[in-house]
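For reference, the chains in residue letters:
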Amino acid sequence: MLCLALLLLLPLTLPVSARAEDEFDLSVPGLRIGVESGSAHAQLVEKLYPEAQLFYFSKMDGYNAVAQGKIDCFVFDKKQMEIAVRSGIPGVRVLEQTVGEDTEIAFGLSPVSAIPNLAREVNAFIDAMQKDGTLDEMYERWVVQGEKELPEITLPAAPKYHLRVGTTGIVEPYSFYTGTKLTGYDIELSYRLAAWLDADVSFEIYDYGSIVEAARSGKVDLIAANLQVTPERAEALQFSTPLYREKNGILVRSAGVSQPAETTVHWQDYNGKKLGVLVGPLMEDAARENFPDSEYLLFNSYPDCITALLTGKIDGFLVDEPGIKSVHAEQPEVDYIHESLTENNYSFAFRKDDPESAALCEEFNAFLTKCWADGTMRELDEIWLGVEEARKVVDMSGLTGENGTIRVVTTAMDMPWSYIKDGLNVGYDIDLIVRFCRERGYALELGDVDFAGRIPALQSGKYDFTTDMNVTPEREEQVLFSDPTAHGGIVLAVRASDLAAVSKQDAPIESGNTQGGMKASFEKTFLREGRWKLFLRGVETTLLITVLSILFGTALGFFVFMLCRNGNPAANAVTRFCVWLVQGMPMVVLLMVLYYIVFGNVSISGVAVAVVGFTLTFGAAVFALMKMGVGMIDRGQYEAAYALGHSNRRTFYRVILPQAIPHVLPAYRGEIVSLLKATAVVGYIAVQDLTKMGDIVRSRTYEAFFPLIAVTLIYFALEGLLNALIRTLQVRIDPKRRSRERILKGVKTDD
């Protein structure tokens, strides 16, 4: 009986981490696995679990992401995670299960160190430390017992060399700070190595993403930072004899293993449903091929697709897989089916049949080859396809421009490739372009147009190349593509609630109409990253275009009317044709004709082209208003003025025009309001006006309500401001509304 009781109690006495329920299947497609940016764990998980969603964090951010349910698990050094959990990291635990084979840890040695025979000396030092048991004793003290203080190690008073050590300072127990003092296993070992070499020592702090490059370029002599030995790193530097081996652990939420089941929803289930498709042959062809029975709605940007999906206008939309991962991280209501419809390459596009453009393409390809070899492309993946926002910045310094200026057309609503953050252009593509320009001595000029306008903008000669786009046979007939900068495929984005398998531990999604949801939406739209500044910049651009178009258009319309008012046949014929042409052409088409054709080979900004286009349309409206207003004045006014001896010109300015203006001012005010609203289309020619800025904010927040409401309210405010100015002008020039003093000004009333 006692034995039976013991057997029944045995499972309760076992550690939680040893139970069968802790078995964690990392091979489930779509599992959200966190890894440290720049670490060998990232390479290991990428290799072993290609179907997983990888999220890149710093170590502490990874721990917190697990605790908050943002990811399903975090793969990292098992010993370090156990120390973190013992130190009080809440809501997480380390499983007994490990990932892959144990990893060797060693010193990383610079190939260009100034210390002679460094590799031989370091290996001799490690061999001696292993033989006398010092390495084992250090590992026991620091890693097992949790030592915090460095022992006294005497360095030479007159050193022969100076040893520069690269480390991280954030990897307890190997390299970390106690107060302001750097300590840890690797730090003690570095001091002992310096004494062995008859050298003094200094430490430089790097993150894992740049520490290998620091050693490769000679900024440090060696790396002592719990550095894992990988084939990729071995191509850049030499490793010492291994110091020890570490296990790759799995961190999960302490409430239980959040293991999502494999979804039962497949993209074939959406054939026959209403789908959103981005304008362009690639997405349209993929939709027709894979969803022949579906109804398609065409959109110009992914934010529009997302809004349509969340409001129920469509059931799903086709999207590039890297982009939808960024969307899902920001907007959990949007998910995707982890089955690719197509496999694609992404490349930059250059002008075809242009020798200068072909030479630039070759130069860019050489740069790409170097980036693939030295790990730059992997670094870009970690930064821009990860979720660590602090790393998502682009260093725009060092663009000297001694070799000229590169003009690049992009789309500022294309996360993670190109978008606006804190008022600046950032993204995977922008970062890559800036690095290219910095290395090759170019200055950089960026333009922003919608997806559909990028190839026309390139072909017009206004830009030297475009940012990433999918390579298709149709596009290859139009442009010259670079070597691939990324690989991916098209997937189907759907509402997360429509997927059959949803983790029970996922936090409920707050409705956008709750007080908390509204508050969060407001914060995301206006306060986060200082996005209110984007709206302010958009207002400035919109007002600039509107005011200049009003001034120039009024002057143009009045000048043309004066040429035609006396019946000049040639002037009237030309004017009638121009007015017919301008007024009969949609404003978007007129702007694109001016931007890409008329001024195609002229270096002129989109704002200037917009002012020209709206000046033409507003001038045509003013011309028509002048004809209407002057035509309403009785001919007797002319005859009376002529009888008093006034000339034709004096009669017009002193008698006719003052009477005509009050008749046309209400219509003139309406034209101004129409002009203000019509400026909303200038985003087609790379102008970031108020509407475009609203779209850019939507592309970051993936919410429609607040950005669109903000744009609407701002337009109402601007319309009210312009209306007030016109009413003030109307009062001042309307004879019926003038004061008695103004009417009698200059008249002697006492005669």
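Refer to the structure presented above.
Throughout this description, residue numbers start from 1 for each chain and increase along the sequence as written. Thresholds applied to this predicted model are a pLDDT of at least 70 for local features of residues and 80 or more for the giving and counting of side-chain atom pairs; totals over whole chains, interfaces and linings are not thresholded and use all residues. Only hydrogens and water are set aside when side-chain values are computed; all heavy atoms of the structure are taken into account.

### A look at the packing of helix 22 (residues 606-631) against helix 24 (residues 648-678)
Logical step 1: Two numbers describe how helix 22 lies on helix 24: the axes approach to 8 Å, and their chain directions differ by 140°. Here the hand of the crossing between helix 22 and helix 24 comes out right-handed. Contacts between helix 22 and helix 24 involve Phe614, Phe618, Ala621, Val622, Leu625, Met626, Met628, Gly629 and Val630 from the first element and Phe652, Ile656, Leu657, Ala660, Val664, Ala667, Tyr668, Glu671, Ile672, Leu675 and Ala678 from the second.
Logical step 2: Within the contact of helix 22 with helix 24, the residues separate by chemical class into 18 nonpolar, 1 polar and 1 charged. Interaxial angles span 0 to 180 degrees and are taken between N-to-C directions of axes, which are lines fitted to C-alpha atoms, for helices over the stretch in contact. Every helix listed is a DSSP run of H or I at least four residues long, and every strand listed is a run of E at least two residues long, numbered separately from the N terminus. Here a crossing is called left-handed whenever its near helix is offset anticlockwise from the far helix by less than a right angle, and right-handed whenever the offset is clockwise. Throughout, a residue-residue contact means that at least one pair of heavy atoms, one from each residue, lies within 4.5 Å. Under the grouping applied here, Gly and all other residues not named as nonpolar or charged are polar, the nonpolar ones being Ala, Val, Leu, Ile, Met, Phe, Trp, Tyr, Cys and Pro and the charged ones Asp, Glu, Lys and Arg.

### Some remarks on the sheet that holds strand 1 (residues 32-36)
Logical step 1: Taken in spatial order, the 5 strands make up an open sheet running 2-1-3-15-4, and their pairing is mixed. Edge strands, defined here as strands with exactly one partner in the open sheet, are strand 2 (53-57) and strand 4 (92-98). Averaged over all pairs of adjacent strands, the angle between their axes in this sheet comes to 35°, without regard to strand direction. DSSP calls a pair of strands paired once it identifies at least 2 bridges connecting them.

### Examining the pairing of strand 15 (residues 248-253)
In regular strands, side chains alternate between the two faces of the sheet.
Logical step 1: Categorising residues by exposure relies on relative accessible area from a 1.4 Å probe, with only protein chains included: less than 20% of the type maximum marks a residue as buried, more than 50% marks it as exposed, and the intermediate range marks it as partly exposed. For strand 15, the buried fraction is high: 5 of the 6 residues fall into the buried class.
Logical step 2: Note that strand 3 (residues 73-77) and strand 15 share 4 bridges and pair antiparallel. In the sheet register, Phe76 faces strand 15, and the bridge partner there is Gly249.
Logical step 3: For strand 4 and strand 15, the ladder comprises 4 bridges, and the chain directions are antiparallel. Considered in strand 15, the bridge of Val94 is made with Leu251.

### Comments concerning unusual backbone geometry
Logical step 1: The phi torsion at Asn117 lies on the positive side, around 55°, for a residue other than glycine.
Logical step 2: When you line up the elements, Asn117 lands in the loop between strand 6 (108-109) and helix 5 (118-131).
Logical step 3: By relative accessible area, Asn117 is classed as partly exposed at 45%.

### Here's the deal with the packing of aromatic side chains
Logical step 1: To pair, rings of Phe, Tyr and Trp, with the six-membered ring standing in for Trp, must have centres within 6.5 Å; the planes then decide the type, stacked if under 30 degrees apart, edge-to-face if over 60, and tilted in the middle. Counted according to the given criterion, the structure contains 29 aromatic pairs.
Logical step 2: Between Tyr63 and Phe74 the ring centres are 5.8 Å apart and the planes differ by 90°, which places this aromatic pair in the edge-to-face class. With Tyr63 in helix 3 (residues 59-67) and Phe74 in strand 3, the pair connects residues that are 11 residues apart, well separated along the chain. Residues Tyr63 and Phe74 agree in their burial class; the two are buried.
Logical step 3: Between Tyr346 and Trp417, the aromatic rings sit 5.7 Å apart at their centres with planes inclined by 35°, giving tilted as the arrangement. With Tyr346 in strand 19 (residues 334-351) and Trp417 in the loop between strand 21 (413-414) and strand 22 (418-421), this residue pair connects regions lying 71 residues apart in the sequence.
Logical step 4: Judged by its relative accessible area of 3%, Tyr346 is buried.

### Comments concerning the nonpolar core
Logical step 1: Side-chain atoms within 4.5 Å link the members of a nonpolar core, which is a set of buried Ala, Val, Leu, Ile, Met, Phe, Trp, Tyr and Cys residues. With 64 residues, the main nonpolar core has Phe614, Val630, Phe652 and Tyr668 as its most contacted residues.
Logical step 2: Secondary-structure elements contributing two or more residues to this core are helix 19 (532-564), helix 20 (569-584), helix 21 (587-598), helix 22, helix 23 (635-643), helix 24, helix 25 (690-701) and helix 26 (705-733).
Logical step 3: Not counting residues within four places of it along the chain, the set of residues in contact with Phe614 comprises Ile545, Ser549, Met587, Leu591, Gly619, Leu675, Ala678, Thr679, Val681 and Val682.
Logical step 4: If you look at the next biggest cluster of nonpolar residues, it comprises 34 residues, including Val122, Tyr174, Ile187 and Ala199.

### Some words on the sheet that holds strand 13 (residues 238-239)
Logical step 1: Strand order across the open sheet formed by 5 strands is 11-7-12-6-13, with mixed pairing between neighbours. For this open sheet the edge positions go to strand 11 (199-205) and strand 13, each flanked by a neighbour on one side alone.
Logical step 2: In this structure, strand 7 (residues 161-167) lies alongside strand 12 (residues 222-223), joined through 2 bridges in parallel fashion. Counterpart to Gly166 in the pairing with strand 12 is Ile223.
Logical step 3: On top of the sheet, helix 7 (residues 185-197) reaches strand 7, strand 11 and strand 12; it is set at about 150° to strand 11, its chief contact.

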